[in-house]
Amino acid sequence: KPFVYLTAFMSGILTPEGTVLDAPIEKEDKNGEKWTPKNYDGKYLGNITVRDALTQSRNMCTIRVTEQVGINSIISTMSAAGIKTHMAPTLALALGSSAVTPLELAGAYGTIARGGLATTPWTIRRIEDSRGKIISYYQPPICRVFPQEQVTWLIDILQDVVARGTGTQARLSRPTAGKTGTADKAKDIWFVGFTPDMVTCVWGGGNNKKIVARNVTGGTVMARVFRAFNQQYYSAVDTPKGELLTSRYYDLDSPHE
């Protein structure tokens, strides 16, 4: 969903304080089969801000934005961010129908966290000899793939996800942004979040694709795992809290100003 809205921001179609309709949708494919997606809570809120649509992870809003910007544009955004797995060009992609790896998603969120700067994830930073002398140092190239301003709008909303949205269980004692994810019937559950210095991607699922339990979401389970892991990390690694790269989009009529 964040990549859907980032695409809309970059295309100039929407801003965080613009509005989008949260109402039922019914689609019919070429074979005459109907697709009737729903919001997780089964409720519809009418016209709401883009900020609230993403903060509360409203499925119907995301599908409508996807129709506005075009599925291929969203796939291009995801590819530029670092997701290289093939994406099926269908509306269901807006709700996470195509599988990606946790490493890909962590790398893509890293692109967001850096304000639109992309780099390929790597595992070896440097090689030292027994005396600590650096023999080799590895640093993949970094390039700008997204404009910083629109990315900071997205980061600001992702902070709202943790502060008051679906990801409140991920709150830390430092700036935190992130997004929950729940596949159909909780067969896959996610939380991907970041602080000023680290991205953490948490996934739960399995190959048998059985339903784990009712009312299980990325926000109720994976967000807690994210929080526990980060709390342990920062208790062991003394790291200044820092600040996330944000630039809140202000609107004169916005309640968030």
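All values derive from a computational prediction rather than experimental measurement.

The rules behind the values
Residues numbered from 1 in each chain as written. Predicted model: local features only at pLDDT ≥ 70, side-chain atom pairs only at ≥ 80, totals over all residues. Heavy atoms only, no water. Helix = DSSP H or I, 4+ residues; strand = E, 2+ residues; numbered from the N terminus. Phe/Tyr/Trp six-rings, centres within 6.5 Å; stacked < 30°, edge-to-face > 60°. Buried < 20%, exposed > 50% of the residue type's maximum accessible area, 1.4 Å probe, protein only. Lys NZ or Arg CZ within 6 Å of the ring centre and 35° of its normal. 1 Å grid on protein atoms, 1.4 Å probe; cavity = no way out; pocket = protein on both sides within 12 Å on 5 of 7 lines; lining within 4 Å. Points joined across faces, edges and corners; volume = space filled by probe spheres on them. Nonpolar A, V, L, I, M, F, W, Y, C, P; charged D, E, K, R; others polar.

### So, the environment of D52
With respect to the helices, strands and loops of the structure, D52 is situated in helix α2 (residues 50–55). The sequence separation of D52 and R164 amounts to 112 residues, and the corresponding C-alpha distance is 9.8 Å.

### Notes on the packing of aromatic side chains
Inspection of the entire model under this criterion finds 5 aromatic pairs. Ring centres of F3 and Y109 lie 5.8 Å apart, and the angle between their planes is 85°; on these two criteria the pair is classed as edge-to-face. Placement of F3 in helix α1 (residues 2–11) and of Y109 in helix α5 (residues 102–113) is noted, with a sequence separation of 106 residues between them. The exposure class assigned to Y109 is buried, which follows from its relative accessible area of 4%. Directly above the aromatic system of Y234 lies the positively charged group of R174, at a separation of 3.6 Å from the ring centroid.

### Structural notes on the layout of surface pockets
In this model, the second largest pocket occupies a volume close to 800 Å³. Together, 28 residues line the second largest pocket, and R114, W122, R125, D197 and V199 are the ones closest to its centre. Counting only elements with at least two residues in the lining of the second largest pocket, the list comes to α5 and β11 (199–204). Ranked by residues supplied to the lining of the second largest pocket, first place goes to α5 with 6 residues. Looking at the lining of the second largest pocket, its residues break down into 16 nonpolar, 8 polar and 4 charged.

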